[in-house]
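Here is what each chain is made of, one letter per residue.
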Amino acid sequence: VARAHLESAEELLAVDGGMAMRAQVAADLALICFRVDDARAEERGEQALRLAQESGDAVAMSQSMNVMGVLACHRGDLDAAACYLEGSRDHARLASSNELNVAALNNLARMYAQKGAIDDALSAAEQALELGLAQGDLHRAAALHDHVADLCHRAGRQADALQHLK
């Protein structure tokens, strides 16, 4: 359903839409394609990034770079993932978007954990948690606590892990 709505939005925006909005829709479509294992995820992500670059919009850049980082992590290209995700975080800060910053930091934490850099992963995840708590979204905060707890467990910090699970 979400995919159909986004594809409809994409068609409408192609006629009379700004580059930034088109980039954001393309980024959302790339993420949906990734989640349903659609081979077009990379193509959609690249399209989102091109549109975001053309728009110069910090929100669109953050969102598209975040998706490209997730895709790079998935294919195991952790150097590219780091560049995309750090860029996403930086653009989120430029846009003063806590929501995008949380997403970028959380995905940076996942990438660092995949690299085996648990201290860096914990730092990014804890920053994401702090921002997430400030947003007041209890569901997101619970997911972020769970992520930090997993990383604490991997780091051998069992007492800290348990604190995040309470």
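Since we're looking at a predicted model, the values are computed, not measured.

## Regarding the overall build of the chain
Part 1 of the argument: Check the secondary structure of the chain and you find 9 helices and 0 strands.
Part 2 of the argument: Ordered by position from N to C terminus, the α and β elements of the chain give α-α-α-α-α-α-α-α-α.
Part 3 of the argument: Residue burial in the chain is summarised as follows: out of 166 residues, 45% are buried.
Part 4 of the argument: For the chain, the proportion of contacts with a sequence separation of at least 24, taken over those separated by at least 6, is 52%.

## Digging into the packing of helix H8 (residues 138-154) against helix H9 (residues 158-165)
Part 1 of the argument: Where H8 contacts H9, the axes come no closer than 8 Å and their chain directions differ by 165°. It follows that H8 is roughly antiparallel to H9 by the angle criterion. Judged by the twist between their axes, the crossing of H8 over H9 is left-handed. Contacts between H8 and H9 involve His 145, Asp 146, Val 148, Ala 149, Cys 152 and His 153 from the former and Gln 158, Asp 160, Ala 161, His 164 and Leu 165 from the latter.
Part 2 of the argument: In terms of residue class, the contact of H8 with H9 is made up of 5 nonpolar, 4 polar and 2 charged.

## Concerning the confidence of the model for the chain
Part 1 of the argument: Confidence in the prediction of the chain, expressed as mean pLDDT, is 90, and 90% of residues score 70 or more.
Part 2 of the argument: The element-level mean pLDDT for the chain is lowest in helix H1 (residues 2-16), coming to 54, with helix H5 (residues 78-94) highest at 98.

## Structural notes on the side chain of Ser 64
Part 1 of the argument: Position of Ser 64 among the secondary structure elements: in helix H4 (residues 58-74).
Part 2 of the argument: Since its relative accessible area comes to 1%, Ser 64 is described here as buried.
Part 3 of the argument: Among the polar contacts listed, one links the side chain of Ser 64 to the backbone oxygen of Met 61, at a separation of 3.3 Å.
Part 4 of the argument: Apart from the residues lying within four places of it in its own chain, the contact partners of Ser 64 are Ala 27, Ala 48, Leu 49 and Ala 52.

## What about unusual backbone geometry?
Part 1 of the argument: In this structure, Asp 37 is a non-glycine residue whose phi angle is positive, near 60°.
Part 2 of the argument: Within the secondary structure, Asp 37 sits in the loop between helix H2 (19-35) and helix H3 (41-55).
Part 3 of the argument: Relative accessible area serves as the criterion here: at 69%, Asp 37 is assigned to the exposed category.
Part 4 of the argument: Positive phi values are uncommon outside glycine, yet Ser 96 reaches one of about 55°.

## Describing the layout of surface pockets
Part 1 of the argument: Space inside the largest pocket adds up to approximately 690 Å³.
Part 2 of the argument: The wall of the largest pocket is formed by 27 residues, among which Leu 31, Arg 35, Asn 66, Ala 103 and Asn 107 lie closest to the centre.
Part 3 of the argument: Looking at the lining of the largest pocket, the elements that each hand over two or more residues are H2, H4, helix H6 (98-115) and H8.
Part 4 of the argument: If one sorts the elements of the lining of the largest pocket by residue count, H6 sits on top with 9 residues.

## A short note on the environment of Leu 49
Part 1 of the argument: Examined against the element boundaries, Leu 49 turns out to sit in helix H3.
Part 2 of the argument: Each residue touching Leu 49, except ones within four places of it in the same chain, is listed here: Met 61, Ser 64, Met 65, Met 68 and Tyr 84.

## Observations concerning helix H7 (residues 118-135)
Part 1 of the argument: For H7, with 18 residues, the first-to-last C-alpha span of 25 Å sits near the 26 Å given by 1.5 Å per residue.
Part 2 of the argument: Of the positions making up H7, those classed as buried are Ile 118, Ala 121, Leu 122, Ala 124, Ala 125, Ala 128, Leu 129 and Gly 132. Angularly, the buried residues of H7 cover 165° about the axis, an arc narrow enough to put them on a single face. Counted as exposed and oriented over 90 degrees from the buried face of H7: Asp 119, Glu 130 and Ala 134.
Part 3 of the argument: Packing partners of the buried residues in H7 comprise H6, H8 and H9.
Part 4 of the argument: Gly 136 lies just past H7 and shows a positive phi near 80°.

Thresholds, definitions, all that
Residues numbered from 1 in each chain as written. Predicted model: local features only at pLDDT ≥ 70, side-chain atom pairs only at ≥ 80, totals over all residues. Heavy atoms only, no water. Helix = DSSP H or I, 4+ residues; strand = E, 2+ residues; numbered from the N terminus. Buried < 20%, exposed > 50% of the residue type's maximum accessible area, 1.4 Å probe, protein only. Contact = heavy atoms within 4.5 Å. Axes fitted to C-alpha atoms, helices over the stretch in contact; angles between N-to-C directions. Parallel < 35°, antiparallel > 145°, perpendicular 65-115°, else oblique. Left-handed = near helix turned anticlockwise from the far one by under 90°. Nonpolar A, V, L, I, M, F, W, Y, C, P; charged D, E, K, R; others polar. pLDDT = per-residue confidence, 0-100. Polar contact = N/O pair within 3.5 Å; in protein donor to acceptor, adjacent residues only side chain to side chain. 1 Å grid on protein atoms, 1.4 Å probe; cavity = no way out; pocket = protein on both sides within 12 Å on 5 of 7 lines; lining within 4 Å. Points joined across faces, edges and corners; volume = space filled by probe spheres on them. Expected span 1.5 Å × (residues − 1). Arc of directions from axis to C-beta.

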